[in-house]
Amino acid sequence: MSCVFVLVLTDAGMTGPICLYRFCISLRRGKIKAEAGLCTVIPCSFTTAFSPITGAAWYKCDESKRSCDYSDIIFHSWNQSQIQPGFRGRISMLEPNLSQGNCSIVINDLDQSDSGSYQFKVTGWLNNMHNEFLFLPSTSVSVKALTQKPTVKVPALTEGQQTTLTCTAPSLCSGSDPNITWTWRRSAEDDSYITGNITTTHGHNSSLTFTPSAKHHSTEVTCKVNFRGNKSTQETVTLNVAYMKEPVITGDRRVKRGDALNLTCSFDSFPPSVIIWAKLGPSGTKTNLQIDTGSATLVIHDMTADDSGQYVCTRQYQGKTSTAYVNVTVFLLPEILKSSGCVSWSEVLTCVCVSEGLPLPTITWPLLDKHTEYSGTYTVSKYTINRTITVKVKELSSTDVQCVSTNEYGEAVENLIIRTSEKSFAQENGGFSAILLTVTVVSLIVNILLIVCLIFLWNSRKKLKQNQEDQTYLTLSKRDISPDVVAQQVSASVD
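> Lay out the state of the cysteines with the relevant residues and their values.
Summed over all chains, the structure comprises 7 disulfides. What pairs with C167 in a disulfide is C223, and their sulfur atoms sit 1.8 Å apart. Taking the torsion about the sulfur-sulfur bond, which here is approximately -80 degrees, the covalent link between C167 and C223 counts as left-handed. Remark: C223 occurs in strand β19 (residues 220-227) and C167 occurs in strand β15 (residues 163-168); sequence separation between them is 56 residues. Looking at C223, the relative accessible area reads 0%, which means it is buried.

Dropping the structure here:
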């Protein structure tokens, strides 16, 4: 024969212990909140008049019911067949030894349908009779959708140094072991390039060990936890890997005079580097031109020849300094100036070609250099070269002469018109007229001096040899003279 004792409380919000006939129970006040997929603990302690205690059971029913019945059994210490199928294997006692007075249970793999009212029953012997005692004080449990996320811990990452990421599944109790997976993605085209070892410890923890590199920077790593009942949650972190790459300088290093210099220096690194552009002076001193972070662009408008030289890009990264150098050249395409021209008189052709360029160009006369008798000279002033050539010609085969100016960046060609009237040419081009006038005056003075010398030599010769017949021969010639040298060869003989 057995009896059932029922303990009725007027205030279910009390934590206890609440007693009736030496049967006491303590339960948590208020509603226990939990999330689907996880687990929860219903704290419970009790004392009874039974000796010994032979078993225990838990019931779950709708909160509107005052007392659960036998069809609501979710845990039974000795008769598993009475347990509702949906709860079998999901509930366990924290302390299997009931004599310790601990009636707390763990409910694993929660579902929202597990929400409701939970009651505890104990069985045992009292006065030589086997009895049951159902505690009507209940605990209310509310299960909501899963919102908790796993915890992912990421240490400081440095390129080339092995590291370990850890992921801990969300849970307030042990529960059933979830399935933990790692995924990573940097772009839509590349989502599986991290090579590492994945280990799982204590069921709710997993670790990913790998050696990070610069390509792993900004990679999104996701830890996904899958619980029973198709419930899952995940957490995504973005990796920040400290790294430093070699400098890259882009832009045209050769700039036409008057144009703008545009150079970009990039030091790919994390954290970003501080970049300083500077120009090296003759003594090695630096003049800072631009300071920026990550990459710095140096722009100089209206470049001149003085802007040519060596520029240096300096990076400051975590207390370290490194540099990259670039040589900048300012150039000017050859250009033949309007002061150039030719004039012909007395079977002598004199041409002047004035050209500007950087580097300084060379001047050639394709149609005149073939003559064997000619003389020439040139002068240089900064970026300008002035070359004059004088050629003895009996008659002109054309009305113009070609001047070619060349440097490593280009070539300029100009057909110089031959003028036969010095006066008309002077009116059109005063500069060239002055040059021709100078050449004419110099030639006249030289000829006069030669004539005076010849007369003097002839008179001296006549006094020494009065009885002999005197003869004088004068030859003036220009043969194969270098176009870059002004020369006159004079030989005089008296027989």
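Further notes follow.
> How would you sum up empty space enclosed by the protein? Please name residues and give values.
For the structure shown, the criterion picks out 2 cavities of 30 Å³ or more. The calculated volume of the second largest cavity comes to roughly 40 Å³. Along the walls of the second largest cavity sit 10 residues, with G37, L38, C39, G175 and S176 positioned nearest its centre. Taken together, the residues that form the lining of the second largest cavity break down as 3 nonpolar, 6 polar and 1 charged.

> Residues and numbers for the packing of aromatic side chains, please.
Going through the model one piece at a time under the given rule, you end up with 8 aromatic pairs. Between F46 and F120 the ring centres are 5.2 Å apart and the planes differ by 55 degrees, which places this aromatic pair in the tilted class. One end of the pair, F46, is in strand β6 (residues 44-47); the other, F120, is in strand β11 (residues 116-126), and 74 residues separate them in sequence. With respect to class, F46 is no different from F120; both count as buried.

> Which residues make up the sheet that holds strand β10 (residues 105-107), and what values go with them?
On the basis of which strands lie adjacent, the open sheet formed by 3 strands has the order β5-β10-β9 and antiparallel pairing. Strands with a single pairing partner mark the edges of an open sheet, and in this sheet they are β5 (40-42) and β9 (91-93). Each strand of the sheet is rotated relative to its neighbour by a mean of 25 degrees, with strand direction disregarded. Bridge count for β9 against β10 is 3 bridges, and the pairing is antiparallel. Bridge pairing in β10 places I91 opposite I107.

> Let's hear about the sheet that holds strand β3 (residues 23-27): which residues, and what values?
As summarised here, the arrangement of the 3 strands in space is β2-β3-β6, forming an open sheet in which the pairing is antiparallel. What marks the edges here is a single partner per strand, and that holds for β2 (18-20) and β6. With strand direction ignored, the average angle separating the axes of adjacent strands in the sheet is 15 degrees. Across 3 bridges, β2 lies against β3 in antiparallel orientation. In the strand pairing of β3, I18 is matched with I25.

> Give me the environment of T195: which residues, what numbers.
Within the secondary structure, T195 sits in the loop between β16 (179-185) and β17 (196-201). Placed 13 residues apart in sequence, T195 and L208 show a C-alpha to C-alpha distance of 9.5 Å.

> Report on unusual backbone geometry, specifying residues and quantitative values.
Glycine aside, residues mostly have negative phi, and peptide bonds are mostly found in the trans state. Cis peptide bonds are those with omega within 30 degrees of zero, and the linkage from S51 to P52 qualifies with 0 degrees. With respect to the helices, strands and loops of the structure, P52 is situated in the loop between β6 and β7 (53-61). In the segment running from F270 into P271, the intervening peptide bond is cis, with an omega of -5 degrees. Following the sequence through the fold, P271 ends up in the loop between β25 (269-270) and β26 (274-280). Even without being glycine, E347 reaches a positive phi, approximately 60 degrees. According to the relative accessible area criterion, E347 is partly exposed, its value standing at 41%.

> An account of the environment of H301 is needed here, citing residue identities and associated values.
Relative to the helices and strands, H301 is located in the loop between β28 (295-300) and β29 (309-317). When neighbours within four sequence positions are excluded, H301 is seen to be in contact with D259 and A260.

> Any details on the side chain of S269? Residues and values, ideally.
Mapped onto the elements of the fold, S269 is located in strand β25. Within the structure, S269 has its side chain in polar contact with the backbone oxygen of P271 (distance 3.0 Å). If we skip the residues at most four places from it in the chain, S269 touches Y243, M244 and Y317.

> Break down the confidence of the model for the chain for me, citing the residues and quoting the values.
Predicted confidence across the chain gives a mean pLDDT of 82, with 79% of residues reaching 70 or more. Low pLDDT, under 50, characterises residues 1-14; the predicted model gives this stretch 37 contacts beyond four residues in sequence or across chains. Scored below 50 in pLDDT, residues 463-495 makes 55 contacts in the model with residues more than four places away or belonging to other chains.

> Tell me what's going on with the pairing of strand β32 (residues 348-358), and back it up with residues and numbers.
Judged by how many residues are buried, β32 sits mostly within the fold: 10 of 11 residues are covered. Pairing of strand β30 (residues 320-336) with β32, which is carried by 3 bridges, proceeds in the antiparallel orientation. Note on β32: the bridge partner recorded for I336 is S355. For strand β31 (residues 341-345) and β32, the ladder comprises 5 bridges, and the chain directions are antiparallel. Of the residues in β32, the one forming a bridge with G341 is V352. The loop that links β31 with its antiparallel partner β32 comprises 2 residues; one of these, S346, has a positive phi angle of about 50 degrees. In the sheet, β32 pairs with strand β35 (residues 384-392) via 9 bridges, with the strands oriented antiparallel. The partner of V348 across the bridge, within β35, is K392.

Conventions used here
Residues numbered from 1 in each chain as written. Predicted model: local features only at pLDDT ≥ 70, side-chain atom pairs only at ≥ 80, totals over all residues. Heavy atoms only, no water. Disulfide = S-S within 2.5 Å. Helix = DSSP H or I, 4+ residues; strand = E, 2+ residues; numbered from the N terminus. Buried < 20%, exposed > 50% of the residue type's maximum accessible area, 1.4 Å probe, protein only. 1 Å grid on protein atoms, 1.4 Å probe; cavity = no way out; pocket = protein on both sides within 12 Å on 5 of 7 lines; lining within 4 Å. Points joined across faces, edges and corners; volume = space filled by probe spheres on them. Nonpolar A, V, L, I, M, F, W, Y, C, P; charged D, E, K, R; others polar. Phe/Tyr/Trp six-rings, centres within 6.5 Å; stacked < 30°, edge-to-face > 60°. Pairing = 2+ DSSP bridges. Axes fitted to C-alpha atoms, helices over the stretch in contact; angles between N-to-C directions. Contact = heavy atoms within 4.5 Å. Polar contact = N/O pair within 3.5 Å; in protein donor to acceptor, adjacent residues only side chain to side chain. pLDDT = per-residue confidence, 0-100.

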